[in-house]
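Structure assessment
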Amino acid sequence: TRVTSLDMDTGTFTRKHHAPPSTLTRELKGDLDWITMKALEKDRARRYGTALEMAADIRRHLNFEPVLAGPPSKTYRTRKFIRRHRLGVTSAATLVVLLVVFAITMTLQADRIARERDRANQEAETSKQVSDFMVGLFEVSDPSESLGNTITAREILDEGASRIQQDLADQPIVMGRMMNTMGKVYRSLGLYDDSAPLLEEALATLRENLGDRNLQVASVLENLGTLKLKAGKLKEAEQLFQETLAIREELLGQEHRDVASAWNSLGNLSYRQGKYQAAMTQYQRARDIYVAAAGPDHSDVARTLLNLAIVHYSRRQGD
């Protein structure tokens, strides 16, 4: 601020610049404030003994060292130390932060590795249980009884379907996966009435044990949707395929091969409904994902190209 004053000796006005009160307060607050108050102490014993002592305290203030007039607290001395060694303290603090971040990252990584290990072990155990179950279907109690006899694939399937709930009752996830597999085999053989109960039971079992948003559940949904499509139940098939696509896109992203499979299934449905333009769009989406994921020469790409050719042919026949 500017202050105008009258010099009584010369009769002239002069202007002087004075710092605002807040600036003065900041300058005097802390060390300078304490030094000033110590110098003005009425008690001689509490004042500086000499001007040199006061000058030494001022030098300490300028060097960011604790002044004798200041409080001897650990917080005050720590603050002064940090101010004197700002670069070193900053570097040390940065290193500590990096170490903490590294420790957190390693902990998360170890946790992820542990989860992956547990998942791999679970998958290995499941595969062994499935393998043992399938081998058991081909075993007979007395080998001599099977000599000269022919066991058909249908008989093996029927035997397996009847044993699933009995042999795998204490392994619901394995049971659900086996039902899904055998239901798919029944469907591929055109045995829709035998396929449907297995797939529906597999879906209910896996949903109960794994929840709705799960990739194994999505697999059953797609198989059941394909069954409904072949049986002519198009509305039910559409709902199942849409749910399959939603789960896979949520869990795998939009560029995964399993997502392409769901798009291909929707293309099959649209073609069956006579919606050729929609079918072309869905098949093209599946083809693009397959090409990006596996290369242009993969069999899945060839399958979608064949589907596109069939749609083109059907459209020309309609025209």
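Residues numbered from 1 in each chain as written. Predicted model: local features only at pLDDT ≥ 70, side-chain atom pairs only at ≥ 80, totals over all residues. Heavy atoms only, no water.

Helix and strand counts for the chain stand at 13 helices and 2 strands. Looking at the chain residue by residue over its 319 residues, the buried ones come to 27%. A total of about 20,900 Å² of accessible surface is found on the chain, and carbon and sulfur atoms cover 55% of it. (Helix = DSSP H or I, 4+ residues; strand = E, 2+ residues; numbered from the N terminus. Buried < 20%, exposed > 50% of the residue type's maximum accessible area, 1.4 Å probe, protein only. Areas by Shrake-Rupley, 256 points an atom, 1.4 Å probe, with all protein chains shown as cover.)

On to the confidence of the model for the chain, then. In this model, the chain carries an average pLDDT of 79, and 79% of its residues clear a pLDDT of 70 or more. Low confidence marks residues 1-6, where pLDDT is under 50. Its contacts with residues over four positions away, or in another chain, come to 19 contacts. (pLDDT = per-residue confidence, 0-100. Contact = heavy atoms within 4.5 Å.)

Bringing the packing of helix α9 (residues 215-230) against helix α11 (residues 257-273) into the picture now. At a closest axis distance of 11 Å, the pairing of α9 and α11 adopts a crossing angle of 15°. With respect to their mutual orientation, α9 and α11 come out roughly parallel. Judged by the sense of rotation from one axis to the other, the crossing of α9 with α11 is left-handed. Contacts between α9 and α11 involve E222, L229 and K230 from the former and S261, A262, S265, N268, L269 and R272 from the latter. (Axes fitted to C-alpha atoms, helices over the stretch in contact; angles between N-to-C directions. Parallel < 35°, antiparallel > 145°, perpendicular 65-115°, else oblique. Left-handed = near helix turned anticlockwise from the far one by under 90°.)

The next subject is the pattern of salt bridges. When charged atoms on two side chains of opposite charge get close, those side chains can pair. Taken as a whole and assessed by the stated rule, the structure comprises 10 salt bridges. Linking D300 and R303 is a salt bridge whose minimum nitrogen-to-oxygen distance equals 3.3 Å. Of this pair, D300 and R303 both sit in helix α13 (residues 299-318), 3 residues apart, which is roughly one turn of the helix. Its relative accessible area of 34% is what places R303 among the partly exposed residues. Connected through shared salt-bridge partners, E200, K228 and E236 make up one network. (Salt bridge = Lys/Arg side-chain N within 4 Å of Asp/Glu carboxyl O.)

Looking now at the layout of surface pockets. For the largest pocket, the calculated volume is near 470 Å³. Secondary-structure elements contributing two or more residues to the lining of the largest pocket are α7 (172-188), α9, α10 (234-252) and α11. Of all the elements, α9 adds the most residues to the lining of the largest pocket, at 8 residues. Here the residues of the lining of the largest pocket sort into 4 nonpolar, 8 polar and 8 charged. (1 Å grid on protein atoms, 1.4 Å probe; cavity = no way out; pocket = protein on both sides within 12 Å on 5 of 7 lines; lining within 4 Å. Points joined across faces, edges and corners; volume = space filled by probe spheres on them. Nonpolar A, V, L, I, M, F, W, Y, C, P; charged D, E, K, R; others polar.)

Attention now goes to the side chain of S261. Topologically, S261 is positioned in helix α11. Classification of S261 by relative accessible area gives buried; the value is 19%. At 2.8 Å, the side chain of S261 and the side chain of E222 are in polar contact. (Polar contact = N/O pair within 3.5 Å; in protein donor to acceptor, adjacent residues only side chain to side chain.)

When we look at a pair of aromatic rings, we describe it by the centre distance and by the angle of the planes. Applying the stated criterion to the full structure yields 1 aromatic pair. Ring centres 5.7 Å apart and planes at 40° place the aromatic pair Y271 and Y276 in the tilted group. In this structure Y276 comes out as partly exposed when scored by relative accessible area, which is 28%. (Phe/Tyr/Trp six-rings, centres within 6.5 Å; stacked < 30°, edge-to-face > 60°.)

Another aspect to go through is the environment of L269. Looking at where L269 falls in the secondary structure, it is placed in helix α11. With a relative accessible area of 1%, L269 lands in the buried category. Residues L269 and T226 lie 43 residues apart in sequence; the distance between their C-alpha atoms is 8.7 Å. Residue contacts for L269: discarding those within four places in its chain leaves L229, L234, A237, E238 and F241.

It is worth spelling out α7 at this point. Residue pairs three or four apart in sequence face the same way in an α-helix, which turns once every 3.6 residues. If you check α7, its first and last C-alpha atoms are 24 Å apart, about what 17 residues at 1.5 Å a residue would give, namely 24 Å. Those residues of α7 that sit buried are V174, M175, G176, M178, M179, N180, M182, G183, Y186 and R187. G190 sits one or two residues past α7 and shows a positive phi near 80°. (Expected span 1.5 Å × (residues − 1).)

Taken together, V96, V100, I104 and L108 make up a surface patch of nonpolar side chains, about 370 Å² in accessible area. With respect to the helices and strands, the residue V100 is situated in helix α5 (residues 86-137). (Patch = residues over 30% accessible without salt bridge, like charges linked within 9 Å, V, L, I, M, F, W, Y side chains within 5 Å.)

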